[in-house]
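So the chains spell out like this:
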There are 2 protein chains.
Amino acid sequence: MSTKILALAGGVGGAKLALGLSKLLSPEDLTVVVNTGDDEEFHGLHVSPDLDTVMYTLSGLANPETGWGLQGETFNALERLTAYGADTWFGLGDKDLATHIMRTMMLAQGKSLSEVTLALSRALGIAHEIAPMTDDRVRTIVETEIGPLAFQDYFVKHRCEPKATSISFDGGAQAEPSAGFVQALETSDAMVYCPSNPYLSVAPILEVGDVREKVRHFPGIRIAVSPIVGGQALKGPAAKLMQEFGIEPSCVDVAKQYVGLCDCFVIDEVDRNQAKEIEALGMRVEVCNTVMVTEDDKIDLGRRIIDFVAG
Amino acid sequence: MSTKILALAGGVGGAKLALGLSKLLSPEDLTVVVNTGDDEEFHGLHVSPDLDTVMYTLSGLANPETGWGLQGETFNALERLTAYGADTWFGLGDKDLATHIMRTMMLAQGKSLSEVTLALSRALGIAHEIAPMTDDRVRTIVETEIGPLAFQDYFVKHRCEPKATSISFDGGAQAEPSAGFVQALETSDAMVYCPSNPYLSVAPILEVGDVREKVRHFPGIRIAVSPIVGGQALKGPAAKLMQEFGIEPSCVDVAKQYVGLCDCFVIDEVDRNQAKEIEALGMRVEVCNTVMVTEDDKIDLGRRIIDFVAG
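Residues numbered from 1 in each chain as written. Chains lettered and ligands numbered in written order. Predicted model: local features only at pLDDT ≥ 70, side-chain atom pairs only at ≥ 80, totals over all residues.

Draft legend 1. Summary view of the overall build of chain A. Of the regular secondary structure elements, chain A holds 13 helices and 14 strands. Here the C-alpha radius of gyration of chain A, 18 Å, is about what a compact globule of 311 residues would show, namely 19 Å. C-alpha extents for chain A along the principal axes are approximately 55 × 45 × 40 Å. Looking at chain A residue by residue over its 311 residues, the buried ones come to 53%. Of all intrachain contacts in chain A linking residues separated by at least 6 positions in sequence, the fraction that spans at least 24 positions is 66%. (Helix = DSSP H or I, 4+ residues; strand = E, 2+ residues; numbered from the N terminus. Rg over C-alpha atoms; globule rule 2.2 N^0.38 Å. Buried ≥ 20, exposed ≤ 12 C-beta atoms within 10 Å, placed from the backbone. Contact = placed C-beta atoms within 7 Å.)

Encoded structure:
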């Protein structure tokens, strides 16, 4: 019997588990819905960093050292753009530019971001479905001590350094989830929150239209994997943000973000002692190794997730 | 006493003489007006091949082997675009893409092609003025035995192979010459037709609005350099086109294109015996070496042209 899974993912961390799941599930049994609150226009080109990271990872073309961008990348166009006086703090590689050029062209031709993502995925040899959370424009804004910053401005240009005070999702309420997202919500047996930043990667997905309500009433099992392990974020600013929001970074506090939206919370072995506290939030807790370094790690965690769905 | 020159140029051949002139004249004494009938949109990006060739040549960044494109170019984006299924017969390099990305972005922001060209030229360190023939849309269409072809389609994709029957300039009559072009026509002491294809590079410039009329009444000296030397085109399809139009390729027949628009026709030493025939068209003839291989050749021809203006 096959199990149909909807995975919600942000960038690098989410893409790792999505890759593991894609190695275990047939294409019709996995939909990866990706955050697009981080999308940005650079030099007139529509860049979807999280969609690209998931696509590049699932196609096997991702740069293994960074987790984002493409292998064997060069930066000759960016160097020229810099010489032309463009603001080039966002590191677009030459190969990567082709993705943004294609996306921008297809969007200008009237195609939806879902259609563009499908076309690019197929061209990259990806059989599984990758869908943007929405075809509408949603932008994650980080309110900081130096003023509101668009996500990439905060994340890349300012290296997450300014103290954040709150996060908002411009356009979220007016947006509609993409058709692929809606269908996966309606037909999947399980929903998996990949280990992505709950504030910056998962929250924007939940803030699209009535998605939070749909997830609340999702009939299958909802499983979250903590991106906080041993009080540290495996990658990115999740722990720093928690501190700035006055929260002690821990997997318990990630779980609190998902109360009413999650049935099973997966924590790392090192956090085993926090299981009781999470169970008190009304979730079943599963403990396993959640740190994914090798491809085997990604497949192993994917297998555990599929087991948890079954069990 | 300084001599102010307006040079009309297409791509590689024209750029060579424009470079020579730029090495001899101060920035305020040279305006290079460039054909934009070859402009094309590739992958949603506005490409201006002749403007780029002139800019790259004057900045010293042009690929010395081809005369077009940039030195040390890579083609990683194009390879990816091909993998995405894009039609990539037009060879856009990675560095070159930066030019098209900047141009497209600035045009989308409402800047004119003249403003974009000025900004890119300055960023490339070019002090002399390079102006598009027009800020409006003009497209050179080659009518051929296989139907009408947009210029790049004819020139690059079909390698000028289909037999041409006529050439037209879509939008030419409605277009207005750029402000830089008009100013140069009004204030220059001399006008130079660089050795570019008379049908495909110079004709589109003359077909913009009332330019042909303005050139007819240009008060200074008008000098043309023949792109046909010894019955051969130095580069490109000029001689082939002449044959297809039923004309024996020769510098005399180039001169015939400029009757009423040219005072002094410059031919190569090898064509000295054709001087009389050209004089019979009502032009003074000057003979010198016109084949430009080295940078010195370009400066030498530039110097001869300046002498002819004075003499």
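Draft legend 2. Representation of the relation of the copies chain A and chain B within the structure. Overlay of chain A on chain B (RMSD 0.0 Å): rotation 180°, translation along the axis 0.0 Å. Classification of the inter-copy transformation places it as that of a two-fold axis. Across chain A, the rotation axis passes nearest the C-alpha of A:Asp94, at a separation of 3.1 Å. (Least-squares fit on C-alpha atoms with pLDDT ≥ 70 in both.)

Draft legend 3. Up close: the pairing of strand 10 (residues 221-225) of chain A. Residue and element names in this part refer to chain A. Of all 5 residues making up strand 10, 5 are buried, and the element is well covered by its neighbours. Side chains Ile 221, Ile 223 and Val 225 project from strand 10 onto one buried face, and the interleaved Arg 222 and Ala 224 project onto a second face that is buried too. In terms of strand pairing, strand 10 meets strand 13 (residues 264-268) through 3 bridges, oriented parallel. Each residue of the ladder has a partner; that of Val 225, found in strand 13, is Val 266. (Pairing = 2+ DSSP bridges.)

Draft legend 4. Main features of the packing of helix 4 (residues 94-108) of chain A against helix 5 (residues 113-123) of chain A. Residues and elements named next belong to chain A. Contact pair helix 4 / helix 5: the axes reach a minimum separation of 9 Å and the direction vectors enclose 140°. By the angle between their axes, helix 4 is oblique relative to helix 5. Classified by chirality, the crossing of helix 5 by helix 4 is right-handed. Touching Thr 99, Met 102, Arg 103, Met 106 and Leu 107 of helix 4 are Leu 113, Val 116, Ala 119 and Leu 120, all from helix 5. When grouped by side-chain class, the residues that make up the contact of helix 4 with helix 5 number 7 nonpolar, 1 polar and 1 charged. (Axes fitted to C-alpha atoms, helices over the stretch in contact; angles between N-to-C directions. Parallel < 35°, antiparallel > 145°, perpendicular 65-115°, else oblique. Left-handed = near helix turned anticlockwise from the far one by under 90°. Nonpolar A, V, L, I, M, F, W, Y, C, P; charged D, E, K, R; others polar.)

Draft legend 5. A look at the sheet that holds strand 2 (residues 30-34) of chain A. All names here are of chain A. Spatially, 5-2-1-9-10-13-14 is the arrangement adopted by the 7 strands of the open sheet, whose pairing is parallel. Each having just a single partner strand, strand 5 (129-132) and strand 14 (284-288) make up the two edges of the open sheet. Here the strands of the sheet are splayed against their neighbours by 20° on average, with no regard to which way each runs. Along the sheet face, helix 1 (residues 12-22) touches strand 1 (5-9), strand 2 and strand 10 and points at about 160° away from the line of strand 1.

Draft legend 6. Spatial organisation of the sheet that holds strand 7 (residues 147-150) of chain A. Residues and elements named next belong to chain A. Taken together, the 3 strands give an open sheet; going across it, the order is 7-6-8, and neighbouring strands pair in antiparallel fashion. Since the sheet does not close on itself, it has two edges, and those belong to strand 7 and strand 8 (164-170), each with one partner. The mean angle between the axes of side-by-side strands here comes to 25°, regardless of whether they run parallel or antiparallel. In this structure, strand 6 (residues 139-144) lies alongside strand 8, joined through 6 bridges in antiparallel fashion. If you follow Arg 139 over to strand 8, its bridge partner there is Asp 170. Taken strand by strand, helix 8 (residues 198-206) contacts strand 6 and strand 8, and its axis lies near 25° from that of strand 8.

Draft legend 7. Representation of the packing of helix 3 (residues 76-83) of chain A against helix 4 (residues 94-108) of chain B in the model. Running from N to C, helix 3 of chain A and helix 4 of chain B point in directions that differ by 45°, and their axes come no closer than 7 Å. The angle between the axes of helix 3 of chain A and helix 4 of chain B places the two elements in the oblique class. In this structure, the crossing between helix 3 of chain A and helix 4 of chain B has a hand that is right-handed. Contact residues: helix 3 of chain A offers A:Asn76, A:Ala77, A:Arg80 and A:Leu81, while helix 4 of chain B offers B:Asp94, B:Lys95, B:Leu97, B:Ala98, B:Ile101 and B:Met102. Among the residues forming the contact of helix 3 of chain A with helix 4 of chain B, the class breakdown is 6 nonpolar, 1 polar and 3 charged.

Draft legend 8. Spatial organisation of the environment of B:Thr31. Residues and elements named next belong to chain B. Relative to the elements of secondary structure, Thr 31 occurs in strand 2 (residues 30-34). Classification of Thr 31 by C-beta neighbours within 10 Å gives buried; the count is 25. Taking the C-alpha atoms as reference points, Thr 31 and Ser 188, 157 residues apart in sequence, are found 8.7 Å from one another. Apart from the residues within four sequence positions on either side, Thr 31 is in contact with Leu 6, Glu 129, Ala 131, Gly 180, Ala 184 and Ser 188.

Draft legend 9. Representation of the interface of chain A and chain B in the model. Taken residue by residue, the interface counts 23 residues in chain A and 23 residues in chain B. Of all the elements in the fold, those that place two or more residues in the side of chain A that touches chain B are helix 3, helix 4 and helix 5 of chain A. Here the element with the most residues in the side of chain A that touches chain B is helix 4 of chain A; it accounts for 9 residues. Residue composition of the side of chain A that touches chain B, by class: 14 nonpolar, 6 polar and 3 charged.

Draft legend 10. View of the environment of B:Ala173. All names here are of chain B. In this fold, Ala 173 is placed in the loop between strand 8 (164-170) and helix 7 (179-187). Ala 173 gets classed as exposed once you count the C-beta atoms within 10 Å, which come to 11. Through-space distance from the C-alpha of Ala 173 to that of Gly 236 is 26 Å; in sequence the pair is 63 residues apart.

Draft legend 11. View of helix 7 of chain B. All names here are of chain B. Turning to helix 7, its buried residues number three or more, namely Gly 180, Phe 181, Ala 184 and Leu 185. With its buried residues spanning 135° around the axis, helix 7 presents them on a single face. Those residues of helix 7 that are exposed and angled more than 90 degrees off the buried face are Glu 186 and Thr 187. Here the buried face of helix 7 lies against strand 1 (5-9), strand 2, helix 5 (113-123), strand 5 (129-132) and helix 9 (211-216). (Arc of directions from axis to C-beta.)

Draft legend 12. Looking closely at helix 1 (residues 12-24) of chain B. All names here are of chain B. Spanning 13 residues, helix 1 covers 19 Å between terminal C-alpha atoms, matching the ideal 18 Å at 1.5 Å per step. Judged by how many residues are buried, helix 1 sits mostly within the fold: 11 of 13 residues are covered. For helix 1, the full list of buried residues reads Val 12, Gly 13, Gly 14, Ala 15, Lys 16, Leu 17, Ala 18, Leu 19, Gly 20, Leu 21 and Ser 22. Residues of helix 1 that are buried sit in contact with strand 1, strand 2, helix 2 (49-59), helix 8 (198-206), strand 10 (221-225) and helix 13 (295-310). (Expected span 1.5 Å × (residues − 1).)

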